[in-house]
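Listed here are the chains, written in short residue letters.
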Amino acid sequence: MLDIRFIRAHADRIKEAARLKGIEVDIDRLLAVDERRRELLQEVEALKQRRNENSRRIPKLPPDERERLREETRRLGETIREKEAELAAVLEEFHALMLLVPNPPSPDTPVGDESANREVKRVGEPPSFPFPPKNHVELMLLHDMLDVERGVKVAGSRSYFLKNDGVLLHLGVLRLALDLLRERGFTLMYVPVLVNAFAMEGTGYFPLGREQAYHIPEDEKYLVGTAEVSLVAYHAEEILREEDLPLRYAGISEAFRREVGSAGRDTFGLYRVHQFSKVEQVILAPADEELSYQLHMELLENAEELLRRLELPYRVVQIATGDMGQGQVRKHDIETWMPSRGAYGETHSCSTFHDFQARRLKIRYRKSDGSLAYAYTLNNTAIASPRILIALLENHQMEDGRIRIPEALRPYVGGKAYIG
Ligand SMILES: Nc1ncnc2c1ncn2[C@@H]1O[C@H](COS(=O)(=O)NC(=O)[C@@H](N)CO)[C@@H](O)[C@H]1O
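- An unreviewed UniProt entry annotates the chain as Serine--tRNA ligase of Brockia lithotrophica.
- In its Pathway (unreviewed entry) section, UniProt records this for the chain: "Aminoacyl-tRNA biosynthesis; selenocysteinyl-tRNA(Sec) biosynthesis; L-seryl-tRNA(Sec) from L-serine and tRNA(Sec): step 1/1."
- UniProt, in its Subunit (unreviewed entry) section for the chain, records the words "Homodimer. The tRNA molecule binds across the dimer."

Here it is in structure tokens:
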């Protein structure tokens with residue numbers, strides 16, 4: 001959500017943002033509805049004042065004049081009820097339109113579709129194998145770490161069982177992420193994944209993209225696609241203290257995605273599945289763009305440190321306007337080398353929202369001068385598994401089919417240096 005005053009003052013910039021992000025929203029209609037909203041609010045206010053004045057005057061009038069004023073006051077009441085009914089409809093359309101307005105991208109964001117995504121750095125070299133490398137499914141089957149067939153039997157497409165060392169590696173990379181983030185001042189959180197609609201709407205996953213969420217209608221609950229939803233909604237409707245900001249949360253959760261529109265895409269192996277686990281970084285900060293930029297870089301660095309500890313080659317890409325979400329001001333993905341794809345595959349996504357989410361969730365903080373302001377929010381993946389296991393297993397495989405465990409991960413898999 002943006003500030004309606006900002007939208008009025010920068011309508012053309014908002015329309016441009018909608019065009020660049022490919023979001024359908026009628027800004028002119030919003031401005032007209034906003035105009036009508038303000039008119040009606042004033043009219044109803046004036047009518048109520050008149051009615052109150054009348055009510056005060058009636059007892060002081062001579063009896064023969066009271067009836068006339070009572071009749072006028074009754075008619076006033078009718079008019080007020082009609083105006084309030086119209087106002088309710090106008091407010092509903094106003095709110096629905098406000099939820100669609102996109103956040104303008106930062107000036108440094110590349111303009112265009114995903115082909116305009118800009119590689120900003122590359123770390124490490126993709127390995128060249130002196131033998132025909134196996135893909136992650138072959139490696140995991142070889143070491144009894146995966147069962148996709150039974151996953152499909154039990155849960156349908158894009159489902160799987162991890163087994164044995166597959167489970168230990170899965171939990172190991174998640175724990176490695178939690179331990180790093182705890183060292184770096186993040187509060188560790190185990191979060192609700194069955195949430196109320198306001199948390200999905202407040203973080204921007206509704207209404208646009210609503211079809212991606214699993215819905216449990218009997219309880220009016222939704223499964224989160226990311227712990228970001230639960231973590232950012234944690235302080236909804238609260239007034240924080242400026243001295244407590246920035247707040248840093250590391251949330252671990254299952255993540256559930258219907259992957260509507262991905263039919264036929266990434267159907268091999270563990271790249272795109274309906275259920276996965278993720279350690280998520282979320283920061284709530286003061287309303288300061290320069291600070292947000294620094295915190296965005298901090299979130300990226302945390303993820304890069306994990307990839308360095310996992311000894312994986314990766315690159316950082318700044319995402320172009322056509323590939324960004326409605327609420328993002330700035331977005332970088334980290335892509336990690338995946339030999340079986342012969343390409344870098346997205347493993348992390350780092351986003352800056354400014355106050356887009358905080359306005360929707362009413363997360364404010366009290367500034368030192370006593371005034372209130374909406375917080376700025378940011379998030380980034382720390383580790384998402386099993387997707388990261390694709391890179392981990394395939395890059396560290398050896399000719400004899402064994403897999404070398406990076407030093408940093410060994411404590412989490414019983415000290416083993418190899419799998420197999
Ligand atoms: N369907 C999926 N299957 C497996 N992994 C996925 C899937 N969708 C996303 N991921 C992983 O989760 C990471 C974050 O997902 S994201 O939608 O890009 N971004 C977010 O969820 C943000 N909250 C930052 O984590 C992705 O980079 C990817 O590593």
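Continuing now.
Side note on the site of the ligand
Next up, step 1: Near the ligand you find 20 residues, and of these Arg257, Glu259, Glu280, Glu346 and Thr381 are the closest.
Next up, step 2: Within the backbone of Val273, a nitrogen or oxygen atom sits 2.9 Å from a nitrogen atom of the ligand.
Next up, step 3: Side-chain polar atom of Glu280 to an oxygen atom of the ligand: 2.6 Å apart, as the coordinates give it.
Next up, step 4: In isolation the ligand exposes 570 Å². Once the protein is present, 92% of that is buried.
Next up, step 5: At the level of secondary structure, the elements contributing two or more residues to the shell around the ligand comprise strand 10 (275-285), strand 13 (343-354) and strand 16 (376-385).
Next up, step 6: Taken together, the residues that form the shell around the ligand break down as 5 nonpolar, 7 polar and 8 charged.

A closer look at the pattern of salt bridges
Next up, step 1: Using the criterion set out here, one finds 45 salt bridges in the structure.
Next up, step 2: Of the charged contacts in the structure, one is a salt bridge between Asp144 and Lys163, with a shortest N-O distance of 2.9 Å. Taken together, the residues span a long stretch of sequence, with Asp144 in the loop between helix 5 (136-142) and strand 2 (146-147) and Lys163 in the loop between strand 3 (161-162) and helix 7 (165-183) at a distance of 19 residues.
Next up, step 3: The shortest N-O distance in the salt bridge between Arg402 and Asp400 comes to 2.7 Å.

Concerning helix 7
Next up, step 1: In a regular helix each residue adds 1.5 Å, so 19 residues correspond to 27 Å; helix 7 covers 26 Å between its end C-alpha atoms and thus fits that length.
Next up, step 2: Downstream of helix 7 by a residue or two, Gly185 has a phi angle that is positive, lying close to 90°.

Describing the domain arrangement of the chain
Next up, step 1: The domain boundaries assigned to the chain delineate domain 1 (4-98) and domain 2 (114-419).
Next up, step 2: Centre-to-centre, using C-alpha coordinates, domain 1 lies 44 Å away from domain 2.
Next up, step 3: Tallying the contact residues gives 4 residues for domain 1 and 9 residues for domain 2.
Next up, step 4: For the pairing of domain 1 and domain 2, the buried interface totals around 500 Å² over both sides, and the portion due to carbon and sulfur atoms is 48%.
Next up, step 5: Contact with domain 2 buries area across many residues of domain 1, yet Leu20, Lys21 and Ile23 alone supply 82% of it, more than any other trio.
Next up, step 6: Across the domain 1-domain 2 interface, the total number found is 0 salt bridges.
Next up, step 7: At the boundary of domain 1 and domain 2, one finds 3 residue pairs in polar contact (both at pLDDT 80 or more).

What counts, and where the lines are drawn
Residues numbered from 1 in each chain as written. Predicted model: local features only at pLDDT ≥ 70, side-chain atom pairs only at ≥ 80, totals over all residues. Heavy atoms only, no water. UniProt positions renumbered as here; feature names shortened; annotations may be inferred. Near = heavy atom within 4 Å. Polar contact = N/O pair within 3.5 Å; in protein donor to acceptor, adjacent residues only side chain to side chain. Areas by Shrake-Rupley, 256 points an atom, 1.4 Å probe, with all protein chains shown as cover. Helix = DSSP H or I, 4+ residues; strand = E, 2+ residues; numbered from the N terminus. Nonpolar A, V, L, I, M, F, W, Y, C, P; charged D, E, K, R; others polar. Salt bridge = Lys/Arg side-chain N within 4 Å of Asp/Glu carboxyl O. Expected span 1.5 Å × (residues − 1). Domains from an automatic or database assignment. Contact = heavy atoms within 4.5 Å. Buried area = accessible area lost by both parts, 1.4 Å probe.

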